[in-house]
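Listed below, chain by chain, are the residues.
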Amino acid sequence: MAAPDAQHPPLGENTCGSLLNKLQEIWDEVGESDEERDKMLLEIDQECLDVYKRKVEQAAKSRAQLLQSLSDAKLMLSSLLSALGEKSFAGIPEKTSDTIKEQLEAIAPILEQLCKQKEERIKEFSDVQSQIQKICGEIAGDFSPNDQTGTYAVDESDLSLEKLDEYQSQLQELQKEKSERLHKVLELVSTVHDLCAVLGMDFYSTVTEVHPSLDDFKNVHSKSISNGTLARLAKTVLTLKEDKQHRLHKLQELASQLIDLWNLMDTPLEERRLFDHVTCNMSTSVDEVTIPGALALDLIEQAEVEVERLDQLKASRMKEIAFKKQTELEEIYAHAHVEIDPEAARDRIMSMIDSGNIEPTELLTDMDNQIAKAKEEALSRKDILDKVEKWMSACEEESWLEDYNRDDNRYNASRGAHLNLKRAEKARILVNKIPALVDTLVAKTRAWEEAHDISFTYDSVPLLAMLDEYAILRHERVEEKRRMKDHKKYQEQQNTEPEPVFGSRSSPARPISNKKIAGPRTNGGSNGTPNKRLSLNAHQNGSRSSTKNGKRDNTRQSAPLDYVLLSKEDGASHVSGGETVPTSP
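Treat the numbers as computed from the prediction; the structure is a model and nothing was measured.

### Observations regarding the overall build of the protein
Next up, step 1: What the protein contains, in helices and strands, is 16 helices and two strands.
Next up, step 2: Taking all 585 residues of the protein together, the buried fraction comes to 33%.
Next up, step 3: For the protein, contacts bridging at least 24 residues in sequence account for 77% of all contacts bridging at least 6.
Next up, step 4: Of the roughly 36500 Å² that the protein leaves accessible, carbon and sulfur atoms contribute 51%.

### Focus: the pattern of salt bridges
Next up, step 1: As enumerated under the stated definition, the model contains 22 salt bridges in all.
Next up, step 2: Taking the shortest distance from any N to any O, the salt bridge between Arg181 and Glu177 comes out at 3.2 Å. With Arg181 and Glu177 both in helix α5 (residues 161–199) and four residues apart, this pair spans about one turn of that helix.
Next up, step 3: On the basis of relative accessible area, Glu177 is assigned to the partly exposed category, the value being 29%.
Next up, step 4: Where Asp386 meets Lys382, a salt bridge forms, and the shortest distance between an N and an O atom there is 2.8 Å.

### Side note on the packing of helix α3 (residues 34–83) against helix α4 (residues 100–140)
Next up, step 1: One way to put it is that α3 packs onto α4 with a least axis distance of 9 Å and a crossing angle of 35°. Both α3 and α4 take part in a crossing whose hand is left-handed. For the pair formed by α3 and α4, the contact residues are Arg63, Leu66, Leu67, Ser69, Leu70, Ala73, Lys74, Met76, Leu77, Leu80 and Leu81 on the first element and Ile100, Lys101, Gln103, Leu104, Ile107, Ile110, Leu111, Leu114, Cys115 and Lys118 on the second.
Next up, step 2: A per-class count over the contact of α3 with α4 returns 15 nonpolar, two polar and four charged.

### Structural notes on unusual backbone geometry
Glycine aside, residues mostly have negative phi, and peptide bonds are mostly found in the trans state.
Next up, step 1: If you check the backbone angles, Asp459 has positive phi at about 55° while not being a glycine.
Next up, step 2: Structurally, Asp459 can be placed in the loop between β1 (457–458) and β2 (461–462).
Next up, step 3: The phi dihedral of Ser460 falls on the positive side, at around 75°, and the residue is not glycine.
Next up, step 4: Judged by relative accessible area, which is 32%, Ser460 ranks as partly exposed.

### Examining the UniProt feature "coiled-coil region" (unreviewed entry) in the protein
Next up, step 1: The UniProt record annotates "coiled-coil region" (unreviewed entry) at residues 157–184.
Next up, step 2: Taken end to end, residues 157–184 has its terminal C-alpha atoms 39 Å apart, with 86% of it in helix and 0% in strand.

### Regarding helix α6 (residues 203–210)
Next up, step 1: Taken together, the buried positions of α6 are Phe203, Thr206, Val207 and Val210. Along the axis of α6, the buried residues cluster in a sector spanning 85°; they form a single face.
Next up, step 2: Packing partners of the buried residues in α6 comprise α5 and α7 (227–265).
Next up, step 3: Capping of α6 at its N-terminal end is provided by Asp202; its side-chain oxygen lies 3.4 Å from the backbone amide nitrogen of Tyr204.

### Focus: the nonpolar core
Next up, step 1: Core analysis: the largest hydrophobic core is formed by 67 residues, its most contacted members being Leu233 and Val278.
Next up, step 2: Sorting the residues of this core by element identifies α3, α4, α5, α6, α7, α10 (297–335) and α12 (360–406) as the ones contributing at least two each.
Next up, step 3: By size, the runner-up hydrophobic cluster in this structure holds 37 residues, among which are Ala336, Ile340, Ala427 and Phe456.

### As for a negative patch on the surface
Next up, step 1: Together, Asp34, Glu35, Glu36, Asp38, Glu43, Glu47 and Asp50 line one region of the surface with negative charge.
Next up, step 2: With respect to the helices and strands, the residue Glu47 is situated in helix α3.
Next up, step 3: Under the relative-accessibility criterion, Glu47 is labelled exposed at 52%.

Reading the values: rules and limits
- Residues numbered from 1 in each chain as written.
- Predicted model: local features only at pLDDT ≥ 70, side-chain atom pairs only at ≥ 80, totals over all residues.
- Heavy atoms only, no water.
- Helix = DSSP H or I, 4+ residues; strand = E, 2+ residues; numbered from the N terminus.
- Buried < 20%, exposed > 50% of the residue type's maximum accessible area, 1.4 Å probe, protein only.
- Contact = heavy atoms within 4.5 Å.
- Areas by Shrake-Rupley, 256 points an atom, 1.4 Å probe, with all protein chains shown as cover.
- Salt bridge = Lys/Arg side-chain N within 4 Å of Asp/Glu carboxyl O.
- Axes fitted to C-alpha atoms, helices over the stretch in contact; angles between N-to-C directions.
- Left-handed = near helix turned anticlockwise from the far one by under 90°.
- Nonpolar A, V, L, I, M, F, W, Y, C, P; charged D, E, K, R; others polar.
- UniProt positions renumbered as here; feature names shortened; annotations may be inferred.
- Arc of directions from axis to C-beta.
- Polar contact = N/O pair within 3.5 Å; in protein donor to acceptor, adjacent residues only side chain to side chain.
- Core = buried A, V, L, I, M, F, W, Y, C linked by side-chain atoms within 4.5 Å.
- Patch = residues over 30% accessible without salt bridge, like charges linked within 9 Å, V, L, I, M, F, W, Y side chains within 5 Å.
- Lys, Arg positive; Asp, Glu negative; His and termini not counted.
- Charge placed at Lys NZ, Arg CZ, Asp CG, Glu CD.

Here's what the structure looks like:
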């Protein structure tokens, strides 16, 4: 039994030859025929052939799969290089003598690297294109800045750097445009804010009507920058500017009315200051009005109410204002020594106001014109009136000097005598200037009358008549003094002659030398002091004419009710003269 085991090798060590020998031995023992043996061997060969054939097919199939994989890898490599815009890539095997598996093993890491690069490139494209899409949506107005951006579908056929640069350049242009639009939006929003502040309007409600995102000052980049938003903002700014212009024009009209009414009714400064916020913009341009609330509706309504109140008050105070202006007119004429009829003027004002046939403003304008004319006339009369005042003052000093000279006790050492002596010295100098002053007055008065074609009156008395009467009285006084002097000399001669026979001498009880023979004074004065109101009866009987032809112009008359006088500012003319009586005008 041991021998047969030794002849047969272990199953694990079986080979085709050992198995064939084993089969021969079995056949020998069994006694199989050669035909059976050949048939079985033929079957064994056929089965071996089938096994080889199957293995070859499997090997061919595996090789075909490897070749396909290699082809796919090369195609994918080419596609990746094309998509990434790479013409070549470092590490790609150039030799084709290597086995298929070696080629696959060489391509695999390159594919992995290119695939990773492709994913990164796709991500970059997706980010850039997403931002482009977002900004385009914001500009178009169909994309909210608060919307979450998803992954953008990228075209993987072209992932080259050149294409990526194009998208990035496009993105930069869009970002620049967005920045400009955002700056424009912020500028318009700021303008709306300033205009709303000046107009006293609610900024938030105004700006949110344009777009809800515009009132968010914290997140600036969340504001809408669409064409529609910009257009609505620009329209809002234009509307607010027009409203500002209209309100300023309205406020300036109200301010002008207020000032006119204040001036009309002489409103106190304290009441006017209450509306300084209205009148301060009287001559301001629309761009210069920047104070918050300066053009608010309530402020304009307040000014309108005040104008309406003053209009109602104006009607009730019109008489008071008109009489005040009439008083001013009367004062101007009084200072100019022009006689008017104030009662008739006031009655005329009352009748015009009560009848309602004249607007109060027209009446006050007419009175202002009268006041202007009165001031103009006063200015034309000023130089003459100043010299009249000097003449009257000199005449008063002349009268005092006459009384002083008649005082026999003037040289006594009484209290104040030295003061009277000084005054007398000055009075003599002033009196000596009277003739020249009268001549100057006559010349100026004549020139004035020729220029104005009316008589120059002083408190309704023609000034030339006053000067003529003064000259006559002064001449009479000089003659009286001369007669008194001659009489005194005669008395002295009588006193020095031998005493006559008893009964022939005159009674000494009332000596002639002790009499005070006073010359007549103007208007009752003994020294010829002129009075402002002189009777013209004596003057009209033989007075001198004042025209160039030697005849008094009968057309001259006193100034009318609303005629005007001149201011008193010209210096007095200094005309030299002696004691001679002025010539007749």
